[in-house]
Amino acid sequence: MTVVGRTWERLTIPGKILAVVIPLGAVLTAGLALLIALIGGAVVQFLVDNLPLVRFVVAATIVLLMTVPSAFLIIYMEMKVIALMNLRYGPDRVGPFGSALSVVHGLKVLMKEDFTPTSADVPVFTLAPVVVYMSSVMSLLVLPFAPGIFGQDFNIGLLYFFAMGGLTVVGLLMAGWSSFNKYSLLGGLRSAAQVVSYEIPLTLSVVGVVLLAGTLSINKIVLGQAGSVLDWYVLRQPLAFAIFFIAVTAEANRTPFDLTEADSEIVAGFATEYSGMRFGFFFFAEYVNVFIASGLTVALFMGGWNAPFNWPWPVTVGLDPGGLGIGLLFLLALGPPVVIIVLGLPFYLLNSQVKFWQALIIGFVLFNLLAVAAVLGLAFLSFDWVVGLLWFMGKTYVFVFTFVWMRGTLPRVRIDQLMGFAWKWLLPASLLNLFVTAGAILVVNK
Amino acid sequence: MTTRTPYDIAAHASSDDPRITLEEQLGTFEPIPPYPPRTEREAEFYTLRDGEMFVNMGPQHPSTHGVLRVVLKIDGEKVVDLDPVLGYLHRGVEKLCENADYHQAICYTDPLEYISSLFCEWSPVMAFEKLLDVQVPRRAEYIRVLAGELNRIASHALFMGWFALDLGGLTPILWSFIERDEIVEMLAALTGQRMLFNYFRIGGVNGDLNHEFMSRLGTWMSKATSQINSNQALLNENEIFVRRARGLGVIDTATALNMCMTGPNLRATGVPFDVRRAHPYSIYPELDFDIPTRVEGDCLARYLLRMDEIKQSLRIIDQCLNEMPDGPIMAKLPRLIRPRPGRAYAAIEGPRGQYATYAISDGTDQPYRMRIHDPSFVHLQTVGLLMPGNLIADTMAIMASLDPVMGGVDK
């Protein structure tokens, strides 16, 4: 045995790992440094030159990451709200009030067997959930969450949105066809018929809003509703709002239009043969679609991120930390311990059970809460997008609640009633709305 | 010494085993039987025309009310033809009863219609009493009627939830379980069981009214009407529900009578036939109640009629509680019963219709033959008339509106 071999034998397992990792890391770091030195400037120049592209990639990543928690939240909300309507408790075991149950569901779905039926068309079967999920996520890209907070401000944003929404049906049809299951096939074909029919009143109902705003960009439509609640398009286009909400419910395959996955008729529709994470993608996509549908309703009719009233007393915070000079350092060094002691002391003095270190911990927690509240409050006052985001999310979740509410109370319509409603009622009504709006604009502009 | 045989993969082939490669056909299943058609109807049914396909609805399907398998021949969404396949829940209850003595036979008939077990006991018990020619004490009759009407409400409440669930409503089933659960709990206090009560005995009932039952019943009766009304308001005023159920699965009076339909399904076509009035038994002649009828004969009428029956049952319970006499709850009978040779038929009005038992005695302590007539079986025959021409979504609604219980159908 060589010297190297003997030394290697004496090393413990962490030692062995470190002995490999440290030289490797050193070499890689050196290589990276060299790389940065050689082409770093060019890369930075490229990023600076293509800022919209960078912005798009970052926004797409954030949106993709954002879908999962928002879907979790909506799933939990649905479980809890429907449980309350059903006079049940709903989830109450995992996490506070069962709030972590949807996360656990996500983990369960990840760990389950990913089963492919023997006779399935494997590539299409595998691709279908991805198509469904991606189309949902991509339509989220043009949704303005707050002033300046959006993936991309296309000037054909609304058109892009409906195009992406229409792509969902391709995925559902793929799933229904490739599963080699008649229930799946029925579900897929139902979704195709339903989405294609409701696409028309959905798009036509929005044309009135587009005429009023004079743009297809969702961001500019939201900007056009700035002001108070009186400027929201729901008041100028009430019929369009009703049509849009019904049609968007059908587009998102939600009750009472959830024929594609009607469990009492066709088991689970297109998702019958899916299990594991592929089913998870469908499941997530459904709830992301609920979020998107609510968000779009808010953006088009409910003023988006605009507050429902004008705050008459503008608040400005003229904080200039640099003005304190050396005092800032003292403040940062002395402030926290003093505040912690001040906050914790009452607990120590008023309760003989509490030891001093426990009081310090309480004071520390309180201080942190205060600091977070202060930072958030400062952000709330200083950045308009924080306020906008809060308003947007608040309104959106009101609509999400409405979707959940409908699911808890309404039975399912029949396919012929569904189609008849779209073609006999919604389509003429949306056309009427379009003509009335166009006429009114002509008259006013004259 | 035993020798271990090596594990034979081929003999224990499972589709889960990664070592086994399956043939392509194994993943597919067509309901077409492998043998040549035996009848003309079978030949016609299993021939597919252009654009048609078979769908196996059941036996494992979320909403077939048990293990019914219906082979649907569909053209797009439209049902062209169908073939119900029964027997997945067959237990041979009638044969079991022939090998049990008269007391034991009651508990075999109990789980036939597991939603309303008391009626499954009532009819054989009445048949045996006719065989024995025994007079049931009046208090026992009152208790029977009281418990039976409670069970009828429980059954109809469950029907309401099921019907709504098959139409896609999530909430009504849980709301209807408010009543069902409360009734089942109070019957458990009375009989000792929640579902399969085994409470009626030949010549009376098993136990007298007790304090827990009476207090639960009193609490429930005080709020029952308002609670049931509020539960129904969720469906009766729902536009989607009414539009889906109205005009669906219409059956006219003549067809209903020809198909031997009874119970609420017949009364929904306008025939006021109720065994409690047509062939009175027990103390029903002394009680004051109406027989609700409706003339439409569609799913909505069948649903609304059952809801009306709940109110009549509440009236009956009220009268039973007011007029409950004192006295024994069991007739004096020997422990081992040997009726004289003869035959007896007893029919009662169950929640689903006329539930009847025909028993033959040969003088031993076991019934020589027992025939049980179950209304669910009769009503299930009509799906062949009602479903073709409707949509897939409506098959479930029609089935639910007929309210069959597969335990009773397959016996």
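Check the entry above for the structure.
Residues numbered from 1 in each chain as written. Chains lettered and ligands numbered in written order. Predicted model: local features only at pLDDT ≥ 70, side-chain atom pairs only at ≥ 80, totals over all residues.

What is the right way to read the overall build of chain A from this model?
The helix and strand inventory of chain A stands at 16 helices and zero strands. The globule rule puts the C-alpha radius of gyration for 446 residues at 22 Å, and the 28 Å found for chain A is more than 25% above it. Once the C-alpha set of chain A is aligned to its principal axes, its extents read approximately 80 × 75 × 60 Å. For chain A, the proportion of its 446 residues judged to be buried stands at 37%. (Helix = DSSP H or I, 4+ residues; strand = E, 2+ residues; numbered from the N terminus. Rg over C-alpha atoms; globule rule 2.2 N^0.38 Å. Buried ≥ 20, exposed ≤ 12 C-beta atoms within 10 Å, placed from the backbone.)

What is the right way to read the overall build of chain B from this model?
Each helix and strand in chain B was counted, giving 16 helices and eight strands. By the compact-globule yardstick of 22 Å for 411 residues, chain B fits well, its C-alpha radius of gyration being 24 Å. Overall, the C-alpha framework of chain B stretches about 70 × 70 × 40 Å when taken along its three principal axes. Buried positions account for 46% of the 411 residues belonging to chain B.

How should unusual backbone geometry be read in this particular structure?
Trans is the prevailing form of peptide bonds, just as negative phi is the prevailing case for residues other than glycine. Residue and element names in this part refer to chain A. Looking along the chain, the bond that leaves T255 and enters P256 is cis, with omega of 5°. Checked against the element boundaries, P256 lands in the loop between α10 (238-251) and α11 (263-266). Positive phi is not limited to glycine here, since F180 has a value of about 55°. The phi dihedral of V267 falls on the positive side, at around 55°, and the residue is not glycine. Mapped onto the secondary structure, V267 falls in the loop between α11 and α12 (276-301).

What is the right way to look at the sheet that holds strand β2 (residues 69-75) of chain B in this model?
Remark on secondary structure: sheet strands pair via backbone hydrogen bonds, oriented parallel or antiparallel. All names here are of chain B. Pairing is antiparallel in the open sheet, where three strands are placed in the order β1-β2-β3. Bordering the open sheet on either side are β1 (52-57) and β3 (78-85), each of which pairs with just one other strand. Each neighbouring strand pair of the sheet contributes to a mean axis angle of 20°, computed without reference to strand direction. Pairing between β1 and β2: six bridges, direction antiparallel. Residue M57 lies in a different strand from β2, and its bridge partner there is V70. (Pairing = 2+ DSSP bridges. Axes fitted to C-alpha atoms, helices over the stretch in contact; angles between N-to-C directions.)

I'm lost on the environment of A299 of chain A in this one. Help?
Residues and elements named next belong to chain A. Inspection of the secondary structure assignment puts A299 in helix α12. Along the chain, A299 and L223 lie 76 residues apart, while their C-alpha atoms are 9.6 Å from each other. Those residues in contact with A299, other than ones at most four positions away along the chain, are L143, P144, I218, I221, V222 and G304. (Contact = placed C-beta atoms within 7 Å.)

Would you explain helix α15 (residues 392-402) of chain B in this entry?
Within an α-helix, residues lying three or four positions from one another point in the same direction, as the helix has 3.6 residues per turn. Burial runs high along α15 of chain B: 11 of the 11 residues are buried. Just past α15 of chain B, the residue D403 of chain B takes up positive phi, approximately 60°.

Looking at this structure, I do not really get the packing of α10 of chain A against α12 of chain A. What am I missing?
In helix packing, the relevant descriptors are the interaxial angle and the interaxial distance, both defined with respect to the helix axes. All names here are of chain A. Close contact between α10 and α12 brings their axes to 10 Å; oriented N to C, the two are set at 160°. For the element pair α10 / α12, the angle class is roughly antiparallel. At the point where α10 passes α12, the crossing takes the right-handed sense. Here α10 contributes F241, F244, F245, V248 and E251 to the contact with α12, which in turn contributes A293, L296, T297, L300 and F301. (Parallel < 35°, antiparallel > 145°, perpendicular 65-115°, else oblique. Left-handed = near helix turned anticlockwise from the far one by under 90°.)

Got a minute to help me understand the packing of helix α13 (residues 326-350) of chain A against helix α14 (residues 356-382) of chain A in this structure?
Residue and element names in this part refer to chain A. Between α13 and α14, the least distance of the axes is 7 Å, while the angle of their chain directions is 125°. The pairing of α13 with α14 is recorded here as oblique in orientation. Here α13 and α14 pass one another in a crossing that is right-handed. Between α13, through P336, V339, I340, I341, L343, G344, L345, F347 and Y348, and α14, the contact on the second element is made entirely by F356, A359, L360, I362, G363, F364, L366 and F367.

I'm lost on the interface of chain B and chain A in this one. Help?
It is common to report an interface's size as the accessible area lost on association of the parts. Facing 31 residues of chain B, the contacting portion of chain A comprises 29 residues. Broken down by secondary-structure element, the contributors of at least two residues to the side of chain B that touches chain A are β1, α5 (138-166), α6 (171-191), α8 (239-245) and α15 of chain B. Classifying every residue of the side of chain B that touches chain A by side-chain character gives 17 nonpolar, eight polar and six charged. (Nonpolar A, V, L, I, M, F, W, Y, C, P; charged D, E, K, R; others polar.)

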